[in-house]
Amino acid sequence: MSEQLNLIIVLVAVVAVIGIGAAFFLVRGRKAPKGTYTGPRDANDPAPTLTTDAPSTEAPEALVPAEAAEIEIVDETAGKVLVPTDVPEPVQGRLARLRARLSKSNTVLGKGLLALLSQDKIDEDVWDEIEETLLLADLGTEPTLELVDALRERVKVEGSRDPQRVHDMLREELIKLVDPTMDRNFIPVRHADRPNVIMVVGVNGVGKTTTIGKMARVLVAENKDVLLGAADTFRAAAAEQLATWGDRVGVPTVKSDVDGADPASVAFEAVTAGIEQEVDIVMIDTAGRLQNKVGLMDELGKIKRVIEKKATVDEVLLVLDATTGQNGLNQAKVFSEVVNVTGIVLTKLDGTAKGGIVVAIQRQLGVPVKLVGLGEGPDDLAPFDAEAFVDALLD
């Protein structure tokens, strides 16, 4: 009896070991093979919440598709429904908050002008005050003179002091200056065979990397598949900061695991990954130090050339701190001399910024302000709307 019991125990143990081994190999077989993608994604499929490392440190000018370093991707979430850890706020809610915040922070420009124009007598002293108010609001000399001349003429012709009429008159002239005819579209469309590529440039300290993270949230809210490229390899923790922003909304980040890796190489790998994963948009973060202006501009030009080995650079967005005034204008001029800036992102427009900077920067570069930063929150970035901006100044 004892021998029979021992035999049964041994048989049960053998069956258990065989079952555990079979389950282990079945699980391994279902994992994505190392170094491969799980397959192309359609336009509206959720982006995997993963971070991609681009270890290549070769000189990027020598990179061609056949020589590009392989990107190692292991998708542990294959076969699962991916739910973003954070749900970005839709665009309309952001625009409403834009008006609320600007109406609190820019009363000197809007309400100050209305008070001056509503006086019973508008003499030269009043016009001088109006001109000074506009200049202090960073509007710029040329736009200030244009606005004052237009208001002078209308006041002379209409002769009205009715507060509502003065409000309407000022609104119309300010909207003309901000120029609603400029193309401010920020929601890119994927090309038939490749992603839309956006380079983001700007000096350190303006909130560039944070802005890219917020931009990714805007695009995810618009149902776009996005991939980020961490090509700011000279600032400590910039890549990790960008990856953290991406992880919050399920957007993958291509970054190097080597400190000080070549930025153009990382950008190349990001675009390559974007093409292979069939994402809609690839956004590339770049370094922004200006201590060596020539070196930085050469680097940006190199990044652009290397990206164009794989795809076109469809947009170059320049991030500026709205509170820096004339210094911001100087920065814009430097960047526009090297890269074809196509749009402006103004950060910190809700604080001590003066509304006139919008007009001044557009006049200097001839390109539109497309997005404005409203605060420190993750959804405090909104597409710029000329009429909403002016209404916020005057309300």
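Residues numbered from 1 in each chain as written. Predicted model: local features only at pLDDT ≥ 70, side-chain atom pairs only at ≥ 80, totals over all residues. Heavy atoms only, no water.

## Observations regarding the pattern of salt bridges
The full count for this structure, using the stated rule, is 19 salt bridges. A salt bridge links Arg-171 to Asp-391; its shortest N-O distance comes to 2.5 Å. A residue pair is termed long-range when its members are at least 10 positions apart, and Arg-171 in helix α6 (residues 163-178) and Asp-391 in helix α13 (residues 386-394) qualify at 220 residues. Here Arg-171 falls in the partly exposed class, since its relative accessible area comes to 22%. A residue is classified by how much of its surface remains accessible, and Asp-391, at 14% relative accessible area, is buried. As a salt-bridge pair, Glu-308 and Lys-304 come within 2.9 Å of each other at their nearest N and O atoms. For Glu-308, a relative accessible area of 40% corresponds to the partly exposed category. Linked by salt bridges that have partners in common, Arg-154, Glu-158, Arg-165, Glu-172, Glu-173 and Lys-176 make up one network. (Salt bridge = Lys/Arg side-chain N within 4 Å of Asp/Glu carboxyl O. Helix = DSSP H or I, 4+ residues; strand = E, 2+ residues; numbered from the N terminus. Buried < 20%, exposed > 50% of the residue type's maximum accessible area, 1.4 Å probe, protein only.)

## Points about the confidence of the model for the protein
This prediction gives the protein a mean pLDDT of 76; 70% of its residues lie at or above 70. With pLDDT under 50 throughout, residues 24-84 is counted as low confidence; its partners more than four residues away or in other chains account for 107 contacts. (pLDDT = per-residue confidence, 0-100. Contact = heavy atoms within 4.5 Å.)

## A word on a negative patch on the surface
Among the surface-exposed residues, Asp-125, Asp-128, Glu-129 and Glu-132 lie close enough to one another that they form a single negatively charged patch. Structurally, the position occupied by Asp-125 is in helix α4 (residues 124-136). (Patch = residues over 30% accessible without salt bridge, like charges linked within 9 Å, V, L, I, M, F, W, Y side chains within 5 Å. Areas by Shrake-Rupley, 256 points an atom, 1.4 Å probe, with all protein chains shown as cover. Lys, Arg positive; Asp, Glu negative; His and termini not counted. Charge placed at Lys NZ, Arg CZ, Asp CG, Glu CD.)

## Thoughts on helix α9 (residues 263-277)
Taking 1.5 Å per residue as the helical rise, α9 with its 15 residues ought to reach 21 Å, and the 21 Å between its terminal C-alpha atoms agrees with that figure. With a side-chain oxygen lying 3.1 Å from the backbone nitrogen of Ala-264, the N-terminal cap of α9 falls on Asp-262. (Expected span 1.5 Å × (residues − 1). Polar contact = N/O pair within 3.5 Å; in protein donor to acceptor, adjacent residues only side chain to side chain.)

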